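Examining the three-dimensional arrangement
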Amino acid sequence: MAAAELPTTLVSSVTRTLQGVVGVTRSPFTGTSQVQDWGGSWWQYDIEFAAMSGPGARALAGFFAAMRGPADTFIFRDPFIKNQVGLGTPL
């Protein structure tokens, strides 16, 4: 089954943060820090939806109900990227 795409018309704001896989341990005796960089990172998105009622609210509720909680995933097109590539066959 193809992944569902989040309707961006229902999104009011988006905050994007790059999360790295890094740990820091600080010695309580000397104050020195040891950094463990495990490589890799991912983008974390905080998506806000405007308060709505009627058809918009039903569309949003239906979209997330179809996801069945964490069982399914969906596509979220990054609004910060202007020229997005479609999901077609690569050439």
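The sections below set out a description of the structure shown in this document. Every value quoted in this text rests on a predicted model; they were computed, and no experiment measured them.

Quick word on the environment of Ala51
Within the fold, Ala51 resides in the loop between β3 (33-49) and α1 (55-66). On the basis of relative accessibility, which here comes to 83%, the residue Ala51 falls in the exposed class. Sequence separation of Ala51 and Leu10 is 41 residues, and the distance between their C-alpha atoms is 9.7 Å.

Section: the pairing of β3
Side-chain positions along a regular strand alternate between the two faces of the sheet. Direction of pairing for strand β2 (residues 11-26) relative to β3: antiparallel, over a ladder of 14 bridges. Across the sheet, the residue bridging to Arg16 is Tyr45, located in β3. Two successive antiparallel strands, β2 and β3, enclose a turn made up of six residues, where Gly31 displays a positive phi of approximately 80°.

A few points about the packing of aromatic side chains
One pass over the full model with this rule turns up five aromatic pairs. Both rings, one in Tyr45 and one in Phe76, keep their centres 5.3 Å apart while their planes meet at 70°; by these two values the pair is edge-to-face. Of this pair, Tyr45 sits in strand β3 while Phe76 sits in the segment after β4 (74-75), and the two are 31 residues apart along the sequence. Aromatic pair Phe64 and Phe74: ring centres 6.2 Å apart, planes at 85°, arrangement edge-to-face.

A word on the side chain of Asp78
By secondary structure assignment, the location of Asp78 is in the segment after β4. In this structure Asp78 comes out as buried when scored by relative accessible area, which is 8%. A distance of 2.6 Å separates polar atoms of two side chains, one belonging to Asp78 and the other to Tyr45.

What to know about a nonpolar patch on the surface
Taken together, the side chains of Val22, Val24 and Val35 make up a nonpolar region of the molecular surface, amounting to roughly 280 Å² of accessible area. Along the polypeptide, Val35 turns up in strand β3. A relative accessible area of 54% places Val35 in the exposed class.

Observations concerning the nonpolar core
Counting residues in hydrophobic clusters, the biggest one holds six residues: Leu6, Val11, Val14, Phe63, Met67 and Phe76. Look past the residues within four positions of Leu6 in its chain and what remains in contact with it is Val11, Ile47, Phe49, Phe63, Phe64, Phe74, Ile75 and Phe76.

Describing the pattern of salt bridges
Under the counting rule described, the total for this entry stands at three salt bridges. Across the pair Arg77 and Glu5 runs a salt bridge whose closest N-O atoms are separated by 2.8 Å. Of this pair, Arg77 sits in the segment after β4 while Glu5 sits in strand β1 (residues 4-5), placing them 72 residues apart in sequence. On the accessibility criterion, Arg77 (23% relative accessible area) is partly exposed. A relative accessible area of 38% places Glu5 in the partly exposed class. The partner of Asp72 in a salt bridge is Arg68, and the shortest N-O contact between them spans 3.2 Å. With a relative accessible area of 24%, Asp72 lands in the partly exposed category.

So, how was this worked out
Residues numbered from 1 in each chain as written. Predicted model: local features only at pLDDT ≥ 70, side-chain atom pairs only at ≥ 80, totals over all residues. Heavy atoms only, no water. Helix = DSSP H or I, 4+ residues; strand = E, 2+ residues; numbered from the N terminus. Buried < 20%, exposed > 50% of the residue type's maximum accessible area, 1.4 Å probe, protein only. Pairing = 2+ DSSP bridges. Phe/Tyr/Trp six-rings, centres within 6.5 Å; stacked < 30°, edge-to-face > 60°. Polar contact = N/O pair within 3.5 Å; in protein donor to acceptor, adjacent residues only side chain to side chain. Patch = residues over 30% accessible without salt bridge, like charges linked within 9 Å, V, L, I, M, F, W, Y side chains within 5 Å. Areas by Shrake-Rupley, 256 points an atom, 1.4 Å probe, with all protein chains shown as cover. Salt bridge = Lys/Arg side-chain N within 4 Å of Asp/Glu carboxyl O. Core = buried A, V, L, I, M, F, W, Y, C linked by side-chain atoms within 4.5 Å. Contact = heavy atoms within 4.5 Å.

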